[in-house]
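# Architecture at a glance
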Amino acid sequence: VRNERAEKLVGIDADVVTARAVARLVELVPWAVPLVRPRGHLLLIKGERAEAELDEAVHAMRKHRCVLLRTVPTATGRVLVMRRTS
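The paragraphs below set out a description of the structure included in this document. No experiment lies behind these values; they were computed from the predicted model shown. (Residues numbered from 1 in each chain as written. Predicted model: local features only at pLDDT ≥ 70, side-chain atom pairs only at ≥ 80, totals over all residues. Heavy atoms only, no water.)

Attention now goes to the nonpolar core. Judged by nonpolar contacts, the single largest core of 21 residues is most densely connected at Leu25, Leu42, Leu44, Leu80 and Met82. Residue assignment for this core shows that the elements contributing at least two residues are strand S1 (14–20), helix H1 (25–32), strand S2 (36–46), helix H2 (50–56), helix H3 (58–63) and strand S4 (78–84). Ranked by the residues each element gives to this core, the list is headed by H1, at four residues. Residues contacting Leu25, with those up to four places away along its chain left out, are Pro30, Leu44, Lys46, Glu53, Leu54, Ala57 and Leu80. (Core = buried A, V, L, I, M, F, W, Y, C linked by side-chain atoms within 4.5 Å. Buried < 20%, exposed > 50% of the residue type's maximum accessible area, 1.4 Å probe, protein only. Helix = DSSP H or I, 4+ residues; strand = E, 2+ residues; numbered from the N terminus. Contact = heavy atoms within 4.5 Å.)

Right, here's the structure in full:
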C-alpha cells in the first residue's frame, strides 16, 4: 500500500488504485488509470454528484480505456468501481 500523490507514482503498475476527494472524474481518470495495470481496478470515492461526474467523464473514460463496473452507495455518496480494460 502506498499513500502518495499520483504524480509521485509515475511508472507503477498497481492492481488497485483508490482515490478520495481528489478531483472531478474528468480530471481524476487521466491521473489514476495509468497507475493501474490492464484489467486492474479503481475504487473512486465520490460524493453526491457522482452520477453527474460520470456523465461528464464519459469521453475521458473511453479515451483511457476505463469502464464502470458498478456503483456502491455509501452514506455520503458513492464508491465507483472501475476497471482498466487494456
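Strand order in the open sheet formed by four strands is S1-S2-S4-S3, and the pairing between neighbours is mixed. At either margin of the open sheet sits one strand with a lone partner, and together these are S1 and strand S3 (66–73). Ignoring which end each strand starts from, the neighbouring axes of this sheet average 20° apart. In this sheet, S4 lies alongside S3 in antiparallel orientation, the contact comprising seven bridges. Among the inter-strand pairings, Cys66 is bridged to a residue of S4, identified as Arg84. On top of the sheet, H1 reaches S1, S2 and S4; it is set at about 145° to S2, its chief contact. (Pairing = 2+ DSSP bridges. Axes fitted to C-alpha atoms, helices over the stretch in contact; angles between N-to-C directions.)

Moving on to the environment of Leu25. With respect to the helices and strands, the residue Leu25 is situated in helix H1. Judged by its relative accessible area of 0%, Leu25 is buried. For the pair Leu25 and Val58, spaced 33 residues apart in sequence, the C-alpha to C-alpha distance is 9.3 Å.

Structurally, Lys46 is set in strand S2. Only 2.6 Å separates the side chain of Lys46 from the backbone oxygen of Ala23, close enough to count as a polar contact. If we ignore the near neighbours within four places in the chain, the residues touching Lys46 are Ala23, Arg24, Leu25, Glu53, Gly77, Arg78 and Leu80. (Polar contact = N/O pair within 3.5 Å; in protein donor to acceptor, adjacent residues only side chain to side chain.)

In this sheet, S2 lies alongside S1 in parallel orientation, the contact comprising six bridges. Residue Val17 lies in a different strand from S2, and its bridge partner there is Leu42. Traced from S1 through H1 to S2, the parallel crossover comes out right-handed. (Right-handed = clockwise from strand over helix to strand, strands pointing away.)

With that out of the way, let us pick up the side chain of Glu53. By the element assignment, Glu53 lies in helix H2. A polar contact of 2.9 Å, which involves the side chain of Glu53, links it to the side chain of Lys46. Filtering out sequence-adjacent residues up to four positions away, Glu53 remains in contact with Ala23, Arg24, Leu25 and Lys46.

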